[in-house]
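Reading the structure
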Amino acid sequence: MSSELENQELNPDMSPEEQDERLASRQKKTDSKRKQALLRGALIIGILILINIISVNLFFRLDFTSNKIYTLSDASRAIVGSLEDKLVVKAYFTDNLPAPYNNTRRYLQEILDDYRNYSNGKLQYEIISPSDETQLEKDADGYGVQPVQIQTVKDDRAEAMKAYMGIVFLYGGKQETLPFIGNTQNLEYEITGVIKRLAEKQLKKVGFLTGNGIPGMDKYGKVSQFLSKYYSLVPVDASKNNPIPNDITVLIVNTPKAPQQQQNQMMQQQQQGAPIVPENLKFAIDQYLMNGGKVIFLMNKVSISSQQQFQFAQVTATGLEDMLESYGVKVLSNIVKDKECAYISVPMQQGPMQFYTQIPFPYFPKIMNINKDLPAFSGIGQIFLSFTCSLDTSAASSKGIKTIPLLITSPKTGVDNELAVIQASGKMLPDSMFKSSNLLVGSIFSGAYSSFYNGKPVPADTATGSTPAPTTIKDKSPETRIVVIGNGDFPTDEFRGPDENLIFFSNMIDYLSDDVGLSEIKLKDANPKPIKTIEDSTRKILKYGLLVVPPVIVLIYGVWRWRRRKISKS
């Protein structure tokens, strides 16, 4: 049929020789096009093969998420890239799991690919599905990965399914297990923490000062979950003239806090004051700092008292004020209240029914002005404090101490001096109660400090069993850093703040211990960043602008089109 069509297209007036020549020319063009198509196909296949070969050795991924949750942090890359021995990862994960667990399995495989690609060949992994195979199940159980029951829907019926979702890490004769991976949140943080613990010969130590009413480590359950991935957490007992060990990288000093008192004890509390840090503990802290130690001071200066239906917040002494003032920071005797604040649940009675409602509480300030110039804190949107005092750092420079502001209140802040009546009425206080602004409630101080005990006798603990008190005082520290926060409740379990409170606290430790890169991992899964508040005038401009501007644009465009048509017709 094709030859008939070609013959029909030939000019009947042509001679047979001309017709043959025309047909030969067409055949050449057809053959040329066929060869070009084959060449292009071969070229495309060759390029795809070349890209595939390159991709095996050159790994990259485009991640457009704001927190780069699908990209390994620099800290994770550095840790896995510095492995000295072979790391074997066995992920026991059942096949064909229902959503959302199937997404977790896919994400796990992708992130393990990343670790392997950055490990310089030291990390190898395999994903194993036991699938009711007795030996594989025994292996998983031996590593500490136990099956869990999950719900799945099959044939329109809900059924229970046995599933394995755990990871085992084997390195240098050591073993560690993540027995259950239920979701992808904090997965990189968990894996990198395990690798760091296995690879490091000795973890840095974070010490929590204990005794004399100071909150113990049992108050930091959630924080410990964050920190234990990278640090060795130890209680520090400096009583009986025991020095604080120099191998403590960062020391946490949370000042004693008086328990909430009821009416019949309130007057006695006001007379006696809250527990204070004794001189022998202050001396141990001072000498630890003089030896180059780094300290986080969490100041609980406000105690709460109840009388009938009212509550009172009163500023008390912690015992550390004079020593901190000698270092260049004065913790003021005030109580900060902020229009940008947390909401608390309070019971409401309506007839026979009681229910809870959320009301603003200015004494729990919401701090959104966090120093973003420091990488350890650049990704934290907000934290909440409670019954906070502000700081005065004006004397620091005269002592050769550099001040780095860390936490600053909102432009609408107020202060109560030493005593405040706490009200939780559900109505925000009027603007007249917020006459201050941008108060400093947390700061970093760096420099060489002079000992608070220069020229003073060494304070000693005279309790039974005390060791002999030191006879000499180290009078000057090398370059080191401290952090002072006007509140000590925010990282504890009792406060029940958001996860960003815990991340902020652990990032302070990262910052002081020079493990700033670790902060990037925690910040990936931090809470969504809060929407910045805007002034009422700006809000009105935006509101009416969005109502008026779009119709005006449409009207202008319609007039322009009408004039164009009119000109075109004329």
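Residues numbered from 1 in each chain as written. Predicted model: local features only at pLDDT ≥ 70, side-chain atom pairs only at ≥ 80, totals over all residues. Heavy atoms only, no water.

1. Considering the overall build of the protein chain
In terms of regular secondary structure, the protein chain is built from 13 helices and 24 strands. Sequence separation of 24 or more characterises 75% of the internal contacts of the protein chain that already satisfy a separation of 6 or more. (Helix = DSSP H or I, 4+ residues; strand = E, 2+ residues; numbered from the N terminus. Contact = heavy atoms within 4.5 Å.)

2. Brief notes about the nonpolar core
By size, the foremost hydrophobic cluster in this structure holds 126 residues, and its most contacted members are Phe297 and Phe377. Leave out the neighbours within four places in its chain, and phenylalanine 377 touches Ile370, Asn371, Lys372, Leu406, Ile444, Phe504, Asn507, Met508 and Tyr511. Within the second largest apolar cluster, six residues are counted, among which are Ile128, Val145, Tyr164 and Val168. (Core = buried A, V, L, I, M, F, W, Y, C linked by side-chain atoms within 4.5 Å. Buried < 20%, exposed > 50% of the residue type's maximum accessible area, 1.4 Å probe, protein only.)

3. Description of the packing of aromatic side chains
The description of two aromatic rings rests on the distance between their centres and on the angle between their planes. Evaluation of the coordinates by the stated rule reveals 19 aromatic pairs. Geometrically, the ring pair formed by phenylalanine 452 and tyrosine 453 is edge-to-face, given 5.0 Å between the ring centres and 80° between the ring planes. Taking relative accessible area as the criterion, phenylalanine 452 reaches 12% and is therefore assigned buried. One aromatic cluster is present, formed by Phe208, Tyr220, Phe377, Phe490, Phe504, Phe505 and Tyr511 through successive ring pairs. The ring of tyrosine 453 has lysine 456 sitting right over it, with the charged end atom 5.9 Å from the ring centre. Its guanidinium or amino end placed over the ring of tyrosine 511, arginine 481 lies 4.6 Å from that ring's centre, counting from NZ or CZ. (Phe/Tyr/Trp six-rings, centres within 6.5 Å; stacked < 30°, edge-to-face > 60°. Lys NZ or Arg CZ within 6 Å of the ring centre and 35° of its normal.)

4. Thoughts on helix H6 (residues 187-199)
Over its 13 residues, H6 runs 18 Å from end to end, which matches the ideal 18 Å to within 8%, given 1.5 Å per residue. Where burial is concerned, most of H6 is hidden: 11 out of the 13 residues are buried. Buried residues of H6: Leu187, Glu188, Tyr189, Ile191, Thr192, Gly193, Val194, Ile195, Lys196, Arg197 and Leu198, and no others. (Expected span 1.5 Å × (residues − 1).)

5. As for the sheet that holds strand E12 (residues 310-315)
Strands sit in the order E11-E12-E22 across an open sheet of three strands; the sheet is antiparallel. The open sheet terminates on both sides in strands that have one partner only, identified here as strand E11 (302-307) and strand E22 (419-422). Geometrically, the sheet is characterised by an average inter-axis angle of 25° between neighbouring strands, direction not taken into account. Sheet topology places E12 next to E22; four bridges connect them, and they run antiparallel. For glutamine 314, the partnering residue across the bridge sits in E22 and is leucine 419. (Pairing = 2+ DSSP bridges. Axes fitted to C-alpha atoms, helices over the stretch in contact; angles between N-to-C directions.)

6. A look at the packing of helix H3 (residues 74-81) against H6
Contact geometry for H3 and H6: axes closest at 10 Å, N-to-C directions at 30°. The orientation of H3 with respect to H6, classified from their angle, is roughly parallel. The crossing of H3 and H6 is left-handed. Listed contacts from H6 to Ser76, Ile79 and Val80 of H3 are Glu188, Thr192, Ile195 and Lys196. Within the contact of H3 with H6, the residues separate by chemical class into three nonpolar, two polar and two charged. (Parallel < 35°, antiparallel > 145°, perpendicular 65-115°, else oblique. Left-handed = near helix turned anticlockwise from the far one by under 90°. Nonpolar A, V, L, I, M, F, W, Y, C, P; charged D, E, K, R; others polar.)

7. Topic: the pairing of strand E15 (residues 341-350)
Where E15 meets strand E16 (residues 353-367), 10 bridges bridge the pair, whose relative direction is antiparallel. Note on E16: the bridge partner recorded for cysteine 341 is proline 365.

8. Considerations on the environment of methionine 368
Along the polypeptide, methionine 368 turns up in the loop between E16 and strand E17 (369-370). Sequence separation between methionine 368 and glutamate 340 is 28 residues, and the spatial gap between their C-alpha atoms is 8.8 Å.

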